[in-house]
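Fold and geometry: a report
Here are the chains, one letter per residue:
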Amino acid sequence: MSIQKESLVKLNGISKSFGDVDAVERVNFEVRKGEFFTLVGPSGSGKTTTLRMISGFEQPTAGTLQIGGQPMSAIPPESRDTNLVFQRLSLFPHMTVGENVGYGLKKRGVDASERKRRVSEYLELVDLGEFEERDPTELSGGQQQRVALARALINEPAVLLLDEPLSSLDRKLRKQMQVELRRIHERTDGAFFYVTHDQEVAMTLSDRIAVMNEGQIEQIGPPEKIYREPATQFVAEFIGDTNLLTGSVVTHSGNAVIQIGGSGGIEIPADGHSGEVQVSIRPEDFQLSDTGVEATVIERFFQGDQTNYVVEPDIDLSPIQIVSQGSGHTAEIGDQVTVSILPGTPVVFD
Ligand SMILES: Nc1ncnc2c1ncn2[C@@H]1O[C@H](COP(=O)(O)OP(=O)(O)OP(=O)(O)O)[C@@H](O)[C@H]1O
Ligand SMILES: [Mg+2]
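Rules used in this analysis
Position labels on residues start from 1 in each chain and follow its written sequence. Here the convention is simple: chains get letters from A, ligands get numbers from 1, in the order in which they are written. Restriction of local features to residues with pLDDT of at least 70 applies here, the model being predicted, together with a cutoff of 80 or more for giving and counting side-chain atom pairs; totals for whole chains, interfaces and linings are based on all residues. Two strands are counted as paired when DSSP detects at least two bridges linking them. Strands are runs of DSSP state E lasting at least two residues, helices are runs of H or I lasting at least four, and both sets are numbered from the N terminus onward. Lines are fitted to the C-alpha atoms to define the axes, a helix being fitted only along its stretch in contact, and any angle between axes, read from their N-to-C directions, falls within 0 to 180 degrees. To decide nearness, the C-beta atom of each residue is placed from the backbone, and the residue is near a molecule or strand if that atom lies within 6 Å of it. Three categories are distinguished: nonpolar for Ala, Val, Leu, Ile, Met, Phe, Trp, Tyr, Cys and Pro, charged for Asp, Glu, Lys and Arg, and polar for the others, with Gly belonging to the last. Note that domain bounds follow an automatic or database assignment of domains. By the convention adopted here, residues are in contact when the distance between their C-beta atoms, placed from the backbone, does not exceed 7 Å. Residue burial is a threshold on neighbouring C-beta atoms within 10 Å of the residue's own C-beta, all placed from the backbone, with 20 or more meaning buried, 12 or fewer meaning exposed, and counts in between meaning partly exposed. A set of buried Ala, Val, Leu, Ile, Met, Phe, Trp, Tyr and Cys residues, joined through C-beta atoms within 7 Å, is what we mean by a nonpolar core. Throughout, the term roughly parallel applies to angles under 35 degrees, roughly antiparallel to angles over 145, roughly perpendicular to angles from 65 to 115, and oblique to all others. Handedness of a crossing follows from how the near helix is turned relative to the far one, being left-handed for an anticlockwise turn of less than a right angle and right-handed for a clockwise one.

Let's talk about the sheet that holds strand β14 (residues 276–281)
Two pairing modes exist for strands in a sheet, parallel and antiparallel, and in both the strands are linked by backbone hydrogen bonds. One open sheet accounts for 5 strands, arranged β13-β12-β11-β14-β19; its pairing is antiparallel. Taken across any chain shown, the strands that pair with only one partner, and hence form the sheet edges, are β13 (266–269) and β19 (347–349). The sheet shows a mean angle of 40° between the axes of neighbouring strands, direction not considered.

If you want it as structure tokens, here you go:
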């Protein structure tokens, strides 16, 4: 039996317009207690606006927002059980690391000895135990962002709101910080509400993802489910790599099938679809095999544990990306190969 955790943040029909720009349109989702929830979507899709409504820095044009079961319409940001970590580094430069982290407690009148204890505790949590007396300017970008995290976490918010907190870091540091973030989340009780345009980050970190496009949520679910069963063509293309192929439903030997690439092309079960359809097939769901569609290898990238190919089918079909994971078949550029699909993997959109 799966026990669904309590809902903590609940958005019901939330919209936000700026003049005639509909930034967020009728959005519904909930963030559950202790969960790592990520809102992912392209630039301008409405992610920051959604986060700012949860934090209280922006008011919805329509809909209701609850945190911990309480309506938030009349509750100012500082009275909400949330804390915000921004994309750009935002430490107080004239305070030490320790003073930065202890700032929220000081403002609330927590006494000095208790403050000192908790500052140490939270600096340990982000692996910066020995940096308490340093100035923020004496830290690397990644260390500064960890201080910012500790400064937010020390207030023990029910929800930590993170808006692209890693985007100012270089690629390597970003990877390290992803692992850190996940670890820090596991060590704390609070929920994380994470906003990013980077689908890879979203897939790596999250318990659940909401995919946003043009102000609307297209799908919500665990990463595997979103990847394997995308609800829309947009989600199929935005999350992970895919081959999006046009097919049409025809009758072949008495059975309705989707034919991709015309007669003699790839065939998959019609499953109740009709007319012209789009079919999403992940690169790893194609394989080089003994039977199937003839094609020529036009690109090949060796990546250690896998090999990526681009093949040009002999039939009327644009080039296909294939990821081959150590199976028996290998090929070189220029080779003639045969390509087939792993059964049950294509996703069809009408
Ligand atoms: N204060 C504002 N006034 C007018 N339009 C705004 C305002 N804030 C956001 N918008 C518009 O609302 C839309 C959504 O913006 P938002 O910042 O939420 O996107 P985003 O998904 O966070 O994008 P990014 O990934 O680039 O940060 C955009 O079209 C943006 O131009
Ligand atoms: Mg944004």
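Some remarks on the sheet that holds strand β15 (residues 286–302)
The antiparallel open sheet is built from 4 strands, whose spatial order is β17-β16-β15-β18. With partners counted over all chains shown, the strands left at the sheet margins are β17 (320–324) and β18 (336–341), one partner each. Here the average twist between neighbouring strands, direction ignored, is 55°. Examined bridge by bridge, β15 and strand β16 (residues 307–313) share 7 bridges and lie antiparallel to one another. From the neighbouring strand, Arg300 faces β16, where its bridge partner is Tyr309.

Structural notes on the site of ligand 1
Close to ligand 1 lie Phe18, Val21, Ala23, Gly41, Ser43, Gly44, Ser45, Gly46, Lys47, Thr48, Thr49 and His197. Those elements giving two or more residues to the shell around ligand 1 turn out to be β2 (21–32) and α1 (47–55). It is α1 that provides the largest number of residues to the shell around ligand 1, a total of 3 residues. Grouping the constituent residues of the shell around ligand 1 by class yields 3 nonpolar, 8 polar and 1 charged.

With respect to the domain arrangement of the chain
Partitioning the chain into structural domains gives domain 1 (7–238) and domain 2 (243–349). Here domain 1 and domain 2 have C-alpha centroids that lie 40 Å from each other. Counting residues at the interface gives 5 residues for domain 1, matched by 5 residues for domain 2. When its residues are assigned to classes, the side of domain 1 that touches domain 2 shows 2 nonpolar, 1 polar and 2 charged.

Observations concerning the pairing of β13
As judged from the 4 bridges shared by strand β12 (residues 255–260) and β13, these two strands associate in the antiparallel manner. Looking across to β13, one finds that Ile260 is bridged to Ile266. Remark: 5 residues form the turn of the hairpin made by β12 and β13, two consecutive strands paired antiparallel; Gly261 in that turn has positive phi of roughly 85°.

Here's the deal with α1
In terms of burial, α1 is a largely internal element, 8 of the 9 residues being buried. Along α1, the residues classified as buried are Lys47, Thr48, Thr49, Thr50, Leu51, Arg52, Met53 and Ile54. A positive backbone phi angle near 95° is found at Gly56, which sits one or two residues after α1.

Details of the nonpolar core
Grouped together as the largest cluster of nonpolar side chains are 63 residues, with contacts concentrated most on Ala150, Phe193 and Val211. For this core, the element with the highest residue contribution is helix α4 (residues 141–153), accounting for 6 residues. Filtering out sequence-adjacent residues up to four positions away, Val211 remains in contact with Val40, Gly41, Ile217, Glu218, Gln219, Ile226, Val235, Phe238 and Ile239. Membership of the second largest hydrophobic core comes to 22 residues, among which are Val293, Tyr309, Val339 and Ile341.

With respect to the packing of helix α2 (residues 97–107) against α4
At a closest axis distance of 7 Å, the pairing of α2 and α4 adopts a crossing angle of 30°. Taken together, α2 and α4 sit at an angle that is classed as roughly parallel. Regarding α2 and α4, the two cross each other, and that crossing is right-handed. Counting all contacts with α2, which are made through Val97, Asn100, Val101, Tyr103 and Gly104, the residues of α4 involved are Val147, Ala150 and Arg151.

A look at the environment of Gly190
Within the fold, Gly190 resides in the loop between α5 (171–187) and β8 (191–196). Through-space distance from the C-alpha of Gly190 to that of Pro157 is 6.4 Å; in sequence the pair is 33 residues apart. Setting aside anything within four residues of it in sequence, one finds Gly190 in contact with Glu156, Pro157, Ala158, Val159 and Leu160.

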